[in-house]
Amino acid sequence: MEKQWYTISVYSENHVGLLNRISGIFLKRHINIESLNVSKSEIEGVSKFTIVVFTTEDWTRKIVGQIEKQIEVIKAYYHTDDETIYQESALFKIASHLLFDERQIQNIIKESNAQIVTVNREFFALAKTGRRHEIDEMHDALLPYGIMQFVRSGRITVTKAAMPISEILQEFQEN
Amino acid sequence: METLKAQKKDSKKQKAIRITGAEAIIHCLLAEGVDLIYGYPGGAIMPVYDELYKFQDKLTHILTRHEQGATHAAQGYARVTGRVGVAMATSGPGATNLVTGIADAQIDSTPMVCITGQVTRSLLGSDAFQETDIVGISTPVTKWNYQITKVEEIPEIMAKAFYIARSGRPGPVLVDITKNAQFDELDFVYEKCTAVRSYKPVPKPEPSSIEKAAELINSAKKPFIVFGQGVILGEAEAELKALVEKAGIPAAWTILGLSAMDTDHPLNVGMVGMHGNYAPNMLTNECDVLIAIGMRFDDRVTGNLETYAKQAKVIHFEIDPAEVNKNVKVDVAVLGNAKETLNAILPLLDKKEHKEWKAEFDKMHQIEYDTLIKNDIHPTKEGLTMGEVIEQINVASGQKAVIVSDVGQHQMIACRYAKFKQSKSNITSGGLGTMGFGLPAAIGAKMGAMDREVVAIIGDGGYQMTIQELGVIFQHNVPVKIVVLNNDHLGMVRQWQELFFDRRYASTVMTNPDFVKIAEGYHIKSRRVSERGDLQEAVQEMMASKDPYFLEVKVEKEDNVFPMIPSGASVSDIRLK
């Protein structure tokens, strides 16, 4: 079966140790987590893991089954890129003098729709939100001038189809 | 936490009592109906042991000689009773010594609660004496685990632990309790857990899947059932029997499904798997509908998946949705508890007999009998065989004993030849294959079923992995019958070396001690048999003994277990020799 990018969305209780339990499922199968983000979700008290893997659908389905089996997991889904709206964020720290010495940097900032978060005498910080390849392009453009620090977040997604967690919670309550 | 509170609204208000966390743990155990636990004390769990001392009239604690023994004893107890087994240990090495038993219980779906002491909360993460991250270590091998650091958490977490361990597909739960939580006081009220938000132990069966399954079964010409431990855990033995008889379907058990049906039932066609029977393995690849009930298509059952039952439509009765389509793609999945789903499908099935199809099983069984079984259980060669020992035990016990086996050749022989008339009578480490399981598991099994004979069948290798538990048998006079089938080898590994590694017997030859003298050191009645003429009488003497009894049988050193599906081969490539 063909490998491709899958985004796994996990709705769960907020429980110490659950991250360890979920990452262990990937570890046991020798599957790399390409990106991971944990945040609150649209439902109060419910956490959301967004995990990106590059593997086959068969493996993804099995992993989702194992994740869902964990006691504190309410529901897990997987989606292809086409089925989601997804973004990543990145921060760049760059020496301030470059802003004046290297005119091209201003063009890069404009063209990439990046935001200047802060500027001081030593450095300025750029924030960029977008698809992975857009962030990569900006990174590659800035690289020749020197990047003091770079960081990129895990992917965050919302899905085109519904993920009816409230209904599932209601069902748990009724049973 | 909030999730549990929601369910508590309806329950009656109990009066709170002011007690320490350590005492609260005892009250939790008593409230869950626990009257027997296995464990080993140590610094971080001492407050709980102090309470065990005070409550010894209500709660028996058995001191095993190693924490691993405590887990296997709790497993044996759980497997024979269907109740939750409990093991307790201190922090650090006490806790890590539980891990093998926990992993074994996880893969074999055994309900078990393990309680470990932990260093006091303020010392967590300081590399304190006997501190280990047992929650981290046990995460991949537990159904659930939790570290209690505040005394107030004890009743809710303990209730949740027992509920999770026994509900749905059972499994081990570990609760780690810091020492401060044991010393501190709380206003104790206990309410049993009946639900956890986000946890659905038993999926609701879909009527359409049951109808589809019934249609497939009714239209089948060569239907074949393979059932596993799900039948035992779901207490669906009567439903399975009714289904098999009504639809006239030959049924084979997996190693953990053993005893869920009478061995002598005419439609019981034996065991599937690597060392299972010839007919059910061969005919897996000839049936037109394969009905899997409460089993998980382990690789030791399926052999090469690419050539496993490809011609058949597959129906899977299963409680754990993650098992469906995990190894074998199925045509119909019937999710739910086996008792419920089998009951639901029963009225939809046509009454049938599949005489010709069943005759194929009989024909192949005859081939296996003539080439193998006859020589295994009624040998004419000089050396004693493992099979004839099991056969003598069948005769002497009237097929009523609980058979506990360790891991290796003797295990395969015991599972092939032991006969059963009652469910929950075969206790073995199926999934993990844990050598050393047998002796402590037999202790737990016997203590869980004092009215039954419990016979432990163990090899000379595995016996020496947990031999120290003879101390428990001696101290508490636990009347288990221990049979060591001694071939002075790690027999199964030796067999593989013979067949697949050009007879290079790397580290499989054992120079063994005098096992009879060791048993005598523990004041256990014992006997050694090395002649066929003495075997029957010795087995009878053992079975008649009211006390624990140790029987060593010197068997042929280089016998192999057949049939055998070589690793990675197809079930229909099963070798008879």
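Residues numbered from 1 in each chain as written. Chains lettered and ligands numbered in written order. Predicted model: local features only at pLDDT ≥ 70, side-chain atom pairs only at ≥ 80, totals over all residues.

**Overview of the overall build of chain A**
- Scanning chain A from N- to C-terminus turns up six helices and nine strands.
- Nonlocal contacts in chain A, meaning residues at least 24 apart in sequence, comprise 75% of its contacts between residues at least 6 apart. (Helix = DSSP H or I, 4+ residues; strand = E, 2+ residues; numbered from the N terminus. Contact = placed C-beta atoms within 7 Å.)

**What about the overall build of chain B?**
- When you go through chain B residue by residue, the secondary structure sums to 24 helices and 20 strands.
- Relative to a compact globule of 577 residues, whose C-alpha radius of gyration would be 25 Å, chain B shows 24 Å and is just as compact.
- Projected onto its principal axes, the C-alpha coordinates of chain B cover approximately 70 × 60 × 40 Å.
- By the burial criterion, 57% of the 577 residues in chain B qualify as buried. (Rg over C-alpha atoms; globule rule 2.2 N^0.38 Å. Buried ≥ 20, exposed ≤ 12 C-beta atoms within 10 Å, placed from the backbone.)

**Details of the domain arrangement of chain A**
- Its domain assignment divides chain A into domain 1 (3–85) and domain 2 (86–152).
- A C-alpha centroid distance of 30 Å is found between domain 1 of chain A and domain 2 of chain A. (Domains from an automatic or database assignment.)

**Some words on helix H5 (residues 132–142) of chain A**
Residue and element names in this part refer to chain A.
- For H5, the full list of buried residues reads Ile135, Met138 and Leu142. End-on view of H5: buried residues confined to an arc of 60°, all on one side of the axis. Relative to its buried face, H5 has exposed residues pointing more than 90 degrees away, namely His133 and Asp140.
- In this structure, the buried side of H5 is in contact with strand S5 (84–95), helix H4 (103–111), strand S7 (123–130) and strand S8 (149–152). (Arc of directions from axis to C-beta.)

**Description of the UniProt feature "domain: ACT" (unreviewed entry) in chain A**
- In this numbering, the UniProt entry assigns the feature "domain: ACT" (unreviewed entry) to residues 7–87 of chain A.
- Counting secondary structure, residues 7–87 of chain A comes out at 30% helix and 44% strand; the distance between its end C-alpha atoms is 12 Å. (UniProt positions renumbered as here; feature names shortened; annotations may be inferred.)

**Some points on the interface of chain A and chain B**
- Between chain A and chain B, the contact holds 18 residues from the first and 17 residues from the second.
- Only strand S1 (3–13), helix H1 (18–28), helix H2 (57–69), strand S4 (73–80) and helix H6 (165–174) of chain A provide two or more residues apiece to the side of chain A that touches chain B.
- Broken down by class, the residue content of the side of chain A that touches chain B amounts to five nonpolar, seven polar and six charged. (Nonpolar A, V, L, I, M, F, W, Y, C, P; charged D, E, K, R; others polar.)

**Digging into the nonpolar core**
- Ala87(B), Val113(B), Val175(B), Ala456(B) and Val483(B) are the most contacted members of the largest nonpolar core, which has 184 residues in total.
- Ignoring sequence-local partners within four residues, the contact set of Ala456(B) consists of Val404(B), Gly438(B), Leu439(B), Ala442(B), Val480(B), Lys481(B), Ile482(B) and Val483(B).
- Core analysis: the next-biggest nonpolar cluster, separate from the first, contains 18 residues, Ile25(A), Phe26(A), Ile63(A) and Ile67(A) among them. (Core = buried A, V, L, I, M, F, W, Y, C linked by C-beta atoms within 7 Å.)

**Concerning the sheet that holds strand S11 (residues 268–271) of chain B**
All names here are of chain B.
- Spatial ordering of the open sheet is given by S11-S10-S9-S12-S13-S14, a layout of six strands whose pairing is parallel. Two strands lie at the open edges of the sheet, namely S11 and strand S14 (332–335), each paired on one side alone. Within the sheet, the average angular offset between the axes of one strand and its neighbour, ignoring direction, is 20°.
- The sheet contact formed by strand S9 (residues 223–227) and strand S10 (residues 251–253) spans three bridges and is parallel. Bridge pairing in S10 links phenylalanine 227 to tryptophan 253. (Pairing = 2+ DSSP bridges. Axes fitted to C-alpha atoms, helices over the stretch in contact; angles between N-to-C directions.)

**Focus on the sheet that holds strand S6 (residues 144–148) of chain B**
Residue and element names in this part refer to chain B.
- Reading across from one edge, S3-S2-S4-S5-S7-S6 is the order of the six strands in this open sheet, with parallel pairing throughout. Only two strands of the sheet have a single neighbouring strand rather than two, namely strand S3 (60–63) and S6. The mean inter-strand angle of the sheet, taken between neighbouring strand axes irrespective of direction, is 20°.
- Examined bridge by bridge, S6 and strand S7 (residues 172–178) share five bridges and lie parallel to one another. Opposite glutamine 147, over in S7, you have aspartate 176 as the bridge partner.

**A word on the domain arrangement of chain B**
Residue and element names in this part refer to chain B.
- We note that the domain assignment places domain 1 (2–188), domain 2 (207–361) and domain 3 (378–554) within chain B.
- Taken over C-alpha atoms, the centre of domain 1 sits 37 Å from the centre of domain 2.
- Contacts between the two partners involve five residues from domain 1 and, on the opposite side, five residues from domain 2.
- Taken together, the residues of the side of domain 1 that touches domain 2 break down into one nonpolar, two polar and two charged.

**Overview of the UniProt feature "domain: Thiamine pyrophosphate enzyme TPP-binding" (unreviewed entry) in chain B**
- Per the UniProt record, the feature "domain: Thiamine pyrophosphate enzyme TPP-binding" (unreviewed entry) sits at residues 406–553 of chain B.
- End-to-end, the C-alpha atoms of residues 406–553 of chain B are 15 Å apart, and along that stretch the chain is 41% helix and 16% strand.

**Observations concerning the confidence of the model for chain B**
Residues and elements named next belong to chain B.
- On average, residues of chain B score 96 in pLDDT, and 98% of them are at 70 or above.
- Contacts for the low-pLDDT stretch residues 1–11, under 50 throughout, to residues beyond four places or in other chains number 11 contacts.
- Prediction confidence for the complex, expressed as pTM and ipTM, is 0.96 and 0.93 respectively. (pLDDT = per-residue confidence, 0-100.)

**Focus: the environment of Ala105(B)**
Residue and element names in this part refer to chain B.
- On the secondary structure map, alanine 105 appears in helix H6 (residues 99–107).
- C-beta crowding within 10 Å serves as the criterion here: with 34 such atoms nearby, alanine 105 is assigned to the buried category.
- Considering only alpha carbons, one finds alanine 105 and histidine 72, 33 residues apart in sequence, at a separation of 8.5 Å.
- Dropping the residues within four chain positions of it, alanine 105 is found in contact with Gln75, Thr110, Met112, Gly171 and Pro172.

**What about the packing of helix H10 (residues 207–219) of chain B against helix H15 (residues 338–345) of chain B?**
All names here are of chain B.
- Running from amino to carboxyl end, H10 crosses H15 at an angle of 60°, the nearest separation of the two axes being 9 Å. By the criterion of interaxial angle, the relationship of H10 to H15 is oblique. In this structure, H10 crosses over H15, and the sense of that crossing is right-handed. Facing Ile210, Ala213 and Ala214 of H10, the residues of H15 in contact are Thr341, Ala344 and Ile345.
- The residue makeup of the contact of H10 with H15, split by class, is five nonpolar, one polar and no charged. (Parallel < 35°, antiparallel > 145°, perpendicular 65-115°, else oblique. Left-handed = near helix turned anticlockwise from the far one by under 90°.)

**Brief notes about the environment of Leu439(B)**
Residue and element names in this part refer to chain B.
- Along the chain, leucine 439 turns up in helix H19 (residues 438–448).
- Taking the C-alpha atoms as reference points, leucine 439 and glycine 270, 169 residues apart in sequence, are found 26 Å from one another.
- Beyond its immediate chain neighbours, meaning those up to four positions away, leucine 439 contacts Ala456, Ile458, Tyr463, Thr466, Ile467, Glu469 and Ile482.

**A closer look at the environment of Asp133(B)**
- Mapped onto the elements, Asp133(B) comes out in the loop between strand S5 (112–118) and helix H7 (134–138).
- Assessed through the 16 C-beta atoms surrounding it within 10 Å, Asp133(B) is described here as partly exposed.

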